[in-house]
Structure formats: C-alpha cells, structure tokens
Amino acid sequence: QLNWWSSVAGQIKEAWGANGGPGAPKTAWQKDEYILKGEGVETWVPRFTFHGFRYIEVVGWPGTPTLDDISGLRMNTDLEHNGHFECSNPMFNQLHEVIQWTFLSNVFSVQSDCPAREKMGYGADMVVSSEAYLYNYNMAQFYEKTVQDFANEQRPEGGITELAPFTGIADRGYGDQSGPLGWQLGFPFLQKKLYEFYGDKRIIEQHYPAFERQMAFLQSKAVGHLFYWDISDHEALDTKPEAFSAAAFYYHHAVLMAEFSEILGKKEALAKYQKLAQNIKRAIVDKYHVNGTGRFDNATQSAQLFALWYGFAPDRKASLQALFQEFKRHNQHVSTGIFSTKFLFDVLREENLNETAYQLANQKDYPSWGYMLEQGATTLWETWAYSPQVYSLNHPMFGSIDEWFYRSLLGINAAAPGFSKVIIKPQPAGDLTWAKGHYDSVSGRIECAWKVSTYAFSLSVTIPANVKAEVWVRCGEGLPVLESGKPVAVVKYTDGYAVIEVGSGTYSFESDLE
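Conventions used here
Residues numbered from 1 in each chain as written. Predicted model: local features only at pLDDT ≥ 70, side-chain atom pairs only at ≥ 80, totals over all residues. Heavy atoms only, no water. Buried < 20%, exposed > 50% of the residue type's maximum accessible area, 1.4 Å probe, protein only. Helix = DSSP H or I, 4+ residues; strand = E, 2+ residues; numbered from the N terminus. Pairing = 2+ DSSP bridges. Axes fitted to C-alpha atoms, helices over the stretch in contact; angles between N-to-C directions. Parallel < 35°, antiparallel > 145°, perpendicular 65-115°, else oblique. Left-handed = near helix turned anticlockwise from the far one by under 90°. Contact = heavy atoms within 4.5 Å. Nonpolar A, V, L, I, M, F, W, Y, C, P; charged D, E, K, R; others polar. 1 Å grid on protein atoms, 1.4 Å probe; cavity = no way out; pocket = protein on both sides within 12 Å on 5 of 7 lines; lining within 4 Å. Points joined across faces, edges and corners; volume = space filled by probe spheres on them. Polar contact = N/O pair within 3.5 Å; in protein donor to acceptor, adjacent residues only side chain to side chain. Salt bridge = Lys/Arg side-chain N within 4 Å of Asp/Glu carboxyl O. Lys, Arg positive; Asp, Glu negative; His and termini not counted.

Caption draft 1: Quick look at the pairing of strand 1 (residues 83-87). With burial as the criterion, only one face of strand 1 is covered, namely that bearing G83, F85 and C87; the residues H84 and E86 on the opposite face remain uncovered. The sheet contact formed by strand 1 and strand 8 (residues 434-441) spans five bridges and is antiparallel. Residue E86 lies in a different strand from strand 8, and its bridge partner there is K436.

Caption draft 2: Representation of the packing of helix 10 (residues 316-329) against helix 11 (residues 338-350) within the structure. Where helix 10 meets helix 11, the axes come as close as 13 Å, and the angle between the chain directions of the two elements is 130°. Here helix 11 runs oblique to helix 10, going by the angle between their axes. Here helix 10 runs over helix 11; the crossing is left-handed. The residues of helix 11 that touch helix 10, namely those facing R316, L320, F324 and F327, are L344, V347, L348 and E350. By residue class, the composition of the contact of helix 10 with helix 11 is six nonpolar, no polar and two charged.

Caption draft 3: Empty space enclosed by the protein, seen in detail. According to the stated counting rule, one finds one cavity of 30 Å³ or more in the structure shown. Looking at the largest cavity, its volume works out to about 40 Å³. Lining the largest cavity are V127, V128, L185, F189, H252, W309, Y310, F339, K342 and F343. Elements represented by at least two residues in the lining of the largest cavity include exactly helix 2 (123-136) and helix 11. A breakdown of the residues in the lining of the largest cavity according to their chemical character gives eight nonpolar, one polar and one charged.

Caption draft 4: A look at the environment of H253. Locating H253 in the fold gives a position in helix 7 (residues 242-263). Sequence-wise, H253 and L353 are 100 residues apart; in three dimensions their C-alpha atoms are separated by 28 Å. Beyond its immediate sequence surroundings of up to four residues, H253 is in contact with L181, Q184, L185, P188, F211, Q214, M215 and L218. Of the polar contacts made by the side chain of H253, one reaches the backbone oxygen of F249; its length is 2.8 Å.

Caption draft 5: Fine view of the environment of V481. For V481, the location among the structural elements is in strand 12 (residues 481-483). Spatially, the C-alpha atoms of V481 and I412 are 20 Å apart, while their sequence positions differ by 69 residues. Leaving out residues up to four positions away in the same chain, V481 has contacts with V473, C475, K486, P487, V488, V490, A498, I500, F509, E510 and S511.

Caption draft 6: A look at the pattern of salt bridges. As enumerated under the stated definition, the model contains 22 salt bridges in all. The residue R349 makes a salt bridge to D346 at a minimum N-O spacing of 3.1 Å. Of this pair, R349 and D346 are both found in helix 11, three residues apart, which corresponds to roughly one turn of the helix. Here the two residues R349 and D346 agree in accessibility, since each one is buried. Salt bridges linked by common partners bring E131, K192, K193, E196, E259, K342, D346, R349, E350, E403 and R407 together as one network.

Caption draft 7: Region of the structure containing the environment of T494. When you line up the elements, T494 lands in strand 14 (residues 492-494). Judged by its relative accessible area of 23%, T494 falls in the partly exposed class. The spacing of T494 and E477 is 17 residues in sequence and 7.6 Å in space, taken between C-alpha atoms. With residues near it in sequence (within four places) discarded, T494 still touches W472 and V499.

Caption draft 8: Structural context of the layout of surface pockets. Considering only enclosed or pocket space, the second largest pocket measures out at about 610 Å³ in volume. For the lining of the second largest pocket, the residue count by class is 14 nonpolar, three polar and 10 charged.

Caption draft 9: Focus on the side chain of K13. Relative to the elements of secondary structure, K13 occurs in the segment before strand 1. Buried within the structure, K13 lacks any salt-bridge partner; E382 is the closest side chain of opposite charge, at an N-O distance of 8.6 Å. A polar side-chain atom of K13 sits 3.5 Å from the main-chain carbonyl oxygen of V390. The residues touching K13, leaving out its near neighbours within four places in the chain, are W5, V8, A18, K26, T27, Q389 and V390.

Written as structure tokens, this is what we have:
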C-alpha cells in the first residue's frame, strides 16, 4: 500500500493539525483525474502541475502490468551539467548520484525544498546547497532569476521574504511578512555566489539599492546589534542555538553589504558596513562566548560550527577542541542541521582536518547519509531519521555534502572571481585511494585526478587558458616533486603538502610521502 502522507500538498494534513485556510481541504491530497472518452488511443498529460513520487499504484489493469507497460516523464529545468566526480568509495559515488536525482527533481523555475509536497523556493535551502548546485550545473541564469524573485517580493519596509515567489509563509520573521534572518540571507548570498563562480558584478550592482533597504530594515529591528529568534539550524539533533544563529545571520548580512560596497567602489558605504559588522561581531562574542573554554552558546555541534565558520572564536584551537568533544559525544556522527552541515565541511577543509570529515561522512548507521542509503533512499531526506508522515523524502539541503566532494576530495577551489585563479588542493582521507573529476568553469574546464598509496602520491591537473593555479601536492617535508618525470620548483612545504605555482596546461605530478 502506498504512503501518500509525504506528498500531501503544502503539509495541509488534518491528522497533523495543519489548516490550509478558507476553502482548503482538510487534507490536501494531490490528485489528477482524467475521464476517458472511450474511442481509440487517448493521450493526456497535465499541463499545469507536476508530481514528485517514487512509487505508483495501478488498479484495474487487465492482467498483470510489467515495466514495459508503464512509462514516466522525468522533468526538470534544462541545466547544463558542469561537473563530474567519482572516487574509490562506492558509497560516496552512490550518494553523489542520489544527490543529482534530488537536485534535478527540485528545479522547476524555482529551486524548491521538495518536489512532492511544497515545491517552494526557501532562502535557507539555497544558501546551504547553492555551491553544491554550482559545481554540478550551470546555474548562472537560474540563480539570477532567483535573486530577482526575492527582489520582486521585497516587503514595503525593506525585509526579504522567507521564500520567493512569496506564498504568505513568514515563520519566525521580523514583521511586515519578512522572513527569518537565515532565510532572508538567500537574497544577498546568491548574489555573492554568482560573483564568485561567474565573475558577475552586474547582479550585485543591480540589486545593491534593494540590499541597502533590506539592511536598513534589519538594523531597525536589531536589539543591541543582536537578534533573538529564527528558524535556526533546522533539523539539528541537539537543541538549536536559535538566538546565537539569528545574530550570526545578521552579521553575515552586514559582511556581505561591506563586501558588495568594496566590489562596487563605494568607500563611504564600505567603512559604514565594516564598522557595523565589527560591532555585531563584538556583541556576539561578548554574549555567546564562554571565556577560557572555546565554547559558544550551548556548545553543540551547531553552535561550535557557527562560531568557527563565521570566525567568531577568539581561540580557534579551543573552539575546535570543543567541537571535537561533541563529535566524540555523538560517537563520531553528525548532529548538525541545515546550516551547520554545510559549515562542517567548510571548517574541516580549511583546517586541513579532512580525516574527521571523511569519518563523519562515511558512517552507515543513524544519523548519516549512509544510513539513508542503507534504508533504500533514492533521494535525500529532510531529516536524519526516516519520516513516514511529516517530513519530505526528497530534500536538497543535506546535499551540501556534494560541495565537499569537489572542494576537498577533488580539491578544486576558486581563488578569484570566475575561477580566473584557482587553488587545487585535494585532501585524501580515510581509505580513499583515488578520486577524479572536473568542473567546467566560465574560464574553462578544470580537471583533477589523483592516486595515493602508502608511500607515494600522484596528481594530474588540467588548468584552462589564461588561468593561474596554486597546486598543493601531498608530499613529505622537503622531498622533491616531479612533473612529467622532472623536478619542479616548490614554493613552500606546509601541512604535508608541497605548493607549486603553474599556468595553463596539463600537468602530472609525483611525490613521495615519506
């Protein structure tokens, strides 16, 4: 028997107590109905809707239907596929494929939270998964349209809505139907990503006045440079650091406002928003940092990752130690939610702690991505635990891990807008023996393939024309690095890497690890 509950439209469910308002059914089952005329072959396709589903039920078929008797039309926005990733870990390859199914089934004009239930463009879901989308697909026009969707829905007082196009949902917002801060962040955050990935300064210039109005609205609602409520780290397993995360999102808005002012050469605005960001950061550290411990707020994985990702920690080493204590308390499993899951892989990549990232990513029991796969998931869930009635079973937000596949395992990172300069720094970890893939940037295809054994490391890299690269090759301290069999100049040795600078071309590096 099919389970219909996970695809009830808009979460309007009588059994759950959700009311859709005047004229809405008590339970909003999705149903397409077609009455046969009864003459010859009849073909009908719904023109104004689509449905996310996994199983179908056929009733009244004459005989026993086979797979050859039924066909489905898989649809999504026609996105150009820009990336490829594979590695020696079969679970990661399977997860990468499941993420593609999840991502593509959630792009129909908007990047949705789920294709079966709500089909709406929530800002936070895009904040956490946009970089994973950008590595896999050409999102330039799609996200430009998304930014415009948010601009179109800007409230009269300047706030940005929780989702766009706006359908009236304003959970934990700040009045005038504005959204919570983590969801309002989608508007400027996507502009920044378009600039980073495509060098698109124009979109920042176009929407700068709207962002200024949004910042004025947020400043008018702040209390001593702080905010105190938000949806926060949705689906975190520990108590969410709600007020702390709300203040952090406010800080993020101010930082982006300063960065955009600098990009556009607005010196007075740059100084103004830099000062605002500094004041917010100072207020956050004063209120939420537990002196002498490295702990922030309730010191959960979520709280520590917010502190580290946003650079709040006065003693970064101590804050990392507090985070690792939380990993240990959870038996080396995640307890992260929508935001801190993305922050997790960024922080560990930047700290050269990919062994820990690999251990967390490679778990196969609850809670983990592997657990979803072990339970037969073909798309990612909204929750770490299977939810038969309430939550979505096709949700992009935990697909933020796919960014880690490209940025850490392949090591492809932009060092300048539009990938005009790149850093190639693969971070082998765990039992991985190889990884390979590419990213088609606006500057050209960037390729990376590596193999590692107990004593040796090999790395093949292709850098497109007019692009400079800083290549980090795993190497024992002071040992030579060969390129196509010949010694190559090493700029420096650090953290188990030899750093080499190259221009466009294809290179084959070899090194000894000890």
